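Residue-level structural notes
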Amino acid sequence: MPAVWTHRGWWSVAVLRIMTRSASSQTSLKSQYDAVVIGGGHNGLVAAAYLQKGGLKTAVLERRHVLGGAAVTEEIFPGFHFSRCSAVLSLLRPHIYSDLELKKHGLKVYMRDPHTFSPLLEEGVRGAPPRSLTLGSDQSMNQMEIGKFSLKDAKAYPNYVAHLEKLAEGIHPLLDAPPVDVAGITSGSLRKRMAAVKTLMPIVRCGLTLGKKIPDFYEIVTAPIMKILNQWFDSDFLKATLATDAVIGAMTSPSNPGSGYVLLHHVMGSKVKETCGYVEGGMGGLSQALAQSARSHGVNIFTEKDVGQVLVGSDGAAEGVVLKDGTEIQSKVVLSNATPYVTFKNLTPQGVLSPEFIKAVDQIDYTSPFTKINVAVDKLPNFLACPTPDDKPGPHHQCTIHLNSDSVEVQETAYKEAVNGYPSARPMIRMIIPSVLDPTLALPGSHVVILAVQYTPYLINGSEWTDQDKEAYSDNVFDWVEQYAPGFKHSVVGRDILAPPDLERIYGLTGGNIFHGSMTLDQLYLGRPLPCVSDYRSPVKGLYLCGSGCHPGGGVMGAPGWNSALTVMADLKRQ
């Protein structure tokens, strides 16, 4: 085994590759379908499964050799299997889990409890280790942990959690339905208007659930998260720990308006155990379960089928796709699981879109703060703040580990550096070690360590990232990890560095944004991705969006695909 591998290409898990290719080879690509889905990511697979269940002969066309989009497992180094892009199952809608029988089709999820571990970078007092904060589902344990920093905050914390859960509960009706049909309510025949009024019901249920907390809901979705946290707590360390969920994957800081919603978005995770945690075998296990379910209903799924363009007929309606190899496939409808930018700028003939619409597409924000570093280690990280003997994992090893979140000021400084065009000198690091719970991911005695690091700009001071830039950035990240867990650098046997341009190139994530577009207030609900296409229907009749770039956005796994499929079937029924 080499001292250190640095991964610049990519491999996928051999087993998944064989499974995918054999499944593709068993079915020949037909020249005509009722529906074609561009992209075999999780939302595309969900949409395809529901369309097929609804009676539409459906095909999924994935450009890569492995299914899953961002939810893939890849063997980057021999014996080390990584969830290379998306890393943790979160917010998978329970009805999708049930409807598609994902457990039957092989989905197994390891729950994580405790949920977060935040060590402080400080000298211990009188020989004691540095302090740390561990939070999970046990509220009495949470209060004990927080009490190390503030007894007042410890008392307030259960009420804070209950408050957020109540606000999050109000959003759930909005996740599983398309946005309100404004055009239908305001125009057309009385019969059509009355039918469109039904789309208001999720908003009504949201309001009824929130009740007197509607003003609190308005405040949290519009305010900086620091305004909210300052109302509840005194401890800067606790506020910094909680603020990390308000900025993860977003080029924003805790003091920016709108960061409160990002926190609420992460709180919305379902409590159904099968839909939140580490997927056995990595996130590719989710995609394989979805694919198996879709195939069981009759969906044809193909890999290494790179769509070049959507076919548009003389009547201006989508009538299929053409692959880059020239193969044409006819269909009644086309659903794109690509980002809105890729869909409308690369896949749709520009002559069928108005200049005004193309200009609006160009304004969608895809700014990403996110660099992913996948690390193979031959020894479990051992933290000064919570040492464990004999390389044995402790409860804190199974959860999200926050490094460089010692204070809100550290986070703010990291953000400002990236806004000015430079990677953060002291980056905010979120570490997970899924192999602690899932032994299938690494060689015996070894582990996979996944680092989600902020903040990094798409360009470094206006210039493209070089391999030297990525190596230097990774070295700096490892130096910081080493301060919390001495010996980490020596344990590294391989690393894979994905800066925002790499996430864009490999996974089709415009700007490297893991949510298919920023989760800012102007790009949510009726504004996602644009007000004129928030109902999943594009300006081209028969062409729909079904990816995370549409409502309810990235992270709410399966919901965009489900909502898009409902819209398609409703439109076809009316024809």
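Presented here is a report on the structure given in the accompanying data block.

Conventions and cut-offs
- Residues numbered from 1 in each chain as written.
- Predicted model: local features only at pLDDT ≥ 70, side-chain atom pairs only at ≥ 80, totals over all residues.
- Heavy atoms only, no water.
- Buried < 20%, exposed > 50% of the residue type's maximum accessible area, 1.4 Å probe, protein only.
- Helix = DSSP H or I, 4+ residues; strand = E, 2+ residues; numbered from the N terminus.
- Arc of directions from axis to C-beta.
- Contact = heavy atoms within 4.5 Å.
- 1 Å grid on protein atoms, 1.4 Å probe; cavity = no way out; pocket = protein on both sides within 12 Å on 5 of 7 lines; lining within 4 Å.
- Points joined across faces, edges and corners; volume = space filled by probe spheres on them.
- Nonpolar A, V, L, I, M, F, W, Y, C, P; charged D, E, K, R; others polar.
- Polar contact = N/O pair within 3.5 Å; in protein donor to acceptor, adjacent residues only side chain to side chain.
- Disulfide = S-S within 2.5 Å.
- Salt bridge = Lys/Arg side-chain N within 4 Å of Asp/Glu carboxyl O.
- Core = buried A, V, L, I, M, F, W, Y, C linked by side-chain atoms within 4.5 Å.
- Axes fitted to C-alpha atoms, helices over the stretch in contact; angles between N-to-C directions.
- Left-handed = near helix turned anticlockwise from the far one by under 90°.
- Phe/Tyr/Trp six-rings, centres within 6.5 Å; stacked < 30°, edge-to-face > 60°.
- Pairing = 2+ DSSP bridges.

For helix α10 (residues 225-232), the complete set of buried residues consists of I225, M226, I228 and L229. Angularly, the buried residues of α10 cover 160° about the axis, an arc narrow enough to put them on a single face. Contact partners of the buried residues in α10: α5 (151-175), α9 (214-222), α11 (236-247), α12 (259-267) and α16 (408-419).

In this section: the layout of surface pockets. Taken as a whole, the second largest pocket encloses approximately 910 Å³ of empty space. Along the wall of the second largest pocket there are 28 residues; nearest its centre are D181, A196, T199, R537 and R574. Mapped by element, the contributors of at least two residues to the lining of the second largest pocket are α6 (182-186), α7 (190-197) and α20 (559-574). A per-element tally of the lining of the second largest pocket places α20 first, with 5 residues. Split into classes, the residues belonging to the lining of the second largest pocket amount to 14 nonpolar, 6 polar and 8 charged.

Once that is clear, we can look at the environment of S538. As for its placement among the helices and strands, S538 is situated in the loop between α19 (500-507) and β19 (543-545). Setting aside its immediate chain neighbours within four residues, S538 contacts F344, V533 and L543. Here L543 takes part through its backbone oxygen, which lies 2.9 Å from a polar atom of the side chain of S538.

Within the structure shown, the criterion is met by 1 cavity of 30 Å³ or more. Lining the largest cavity we find S83, A87, Y278, V279, G282, M283, P434, D438, L441 and I450.

Let's shift gears to the state of the cysteines. Under the counting rule described, the total for this entry stands at 0 disulfides. No disulfide involves C206; its sulfur sits 19 Å from the nearest other cysteine sulfur, which is in C550. The thiol of C386 is unpaired, and the distance to the nearest cysteine sulfur, on C399, comes to 9.6 Å.

To continue, consider unusual backbone geometry. A cis geometry characterises the amide bond from R528 onward to P529, with omega recorded as -10°. With respect to the helices and strands, P529 occurs in the loop between α19 and β19. Residue H551 is joined to P552 through a cis peptide bond whose omega torsion reads 5°. Note that P552 resides in the loop between β19 and α20. You will see that H516, though not glycine, has its phi angle at about 65°, which is positive. With respect to the helices, strands and loops of the structure, H516 is situated in the loop between α19 and β19.

Here S259 lies in helix α12. The class of S259 is buried, set by a relative accessible area of 1%.

This structure, assessed with the given rule, holds 24 salt bridges. With a closest N to O distance of 3.6 Å, K108 and E280 form a salt bridge. Here the residue K108 occupies a position in the loop between α3 (94-99) and β6 (109-110), and E280 occupies one in the loop between β9 (278-279) and α13 (284-296), the gap between them amounting to 172 residues. Assessed through its relative accessible area of 41%, K108 is described here as partly exposed. For the salt bridge of R537 with D571, the shortest nitrogen-to-oxygen distance reads 2.8 Å. With R537 in the loop between α19 and β19 and D571 in helix α20, this pair connects stretches of sequence that are 34 residues apart.

This part takes up the nonpolar core. In terms of nonpolar packing, the biggest core is built from 44 residues, with Y157, Y160, L229, F233, L242 and L264 touching the most fellow members. Secondary-structure elements contributing two or more residues to this core are β8 (132-135), α5, α8 (201-210), α9, α10, α11 and α12. The biggest single contributor to this core is α5, with 11 residues. In contact with L229, other than residues within four places in its own chain, are Y160, K239, L242 and A243.

Attention now goes to the packing of α10 against α11. Viewed as axis vectors pointing N to C, α10 and α11 meet at an angle of 145°, and their least axial separation amounts to 10 Å. As α10 runs across α11, the sense of the crossing is right-handed. Residues I225, M226, L229 and N230 of α10 lie in contact with α11, whose contacting residues are K239, L242, A243 and A246. Across the contact of α10 with α11, the residue classes tally to 6 nonpolar, 1 polar and 1 charged.

Applying the stated rule across the entire model yields 14 aromatic pairs. Consider the rings of F117 and F383, whose centres lie 5.7 Å apart with planes at 70°: the pair is edge-to-face. Residue F117 is found in strand β7 (residues 116-119), and its partner F383 is found in the loop between β14 (370-377) and β15 (400-403); the two are separated by 266 residues along the sequence. The class of F383 is buried, set by a relative accessible area of 1%. These aromatic residues form a ring-pair network of at least three members: Y157, Y160, W232 and F233.

By the bridge criterion, 6 bridges tie strand β2 (residues 32-38) to strand β13 (residues 328-336) in an arrangement that is parallel. From the neighbouring strand, A35 faces β13, where its bridge partner is V333. The turn linking strand β12 (residues 318-323) back onto β13 is made up of 4 residues, and G326 within it adopts a positive phi angle of 95°. One ladder, built from 3 bridges, connects β13 with β19; its direction is parallel. Across the sheet, residue S336 finds its bridge partner in β19, namely L545.

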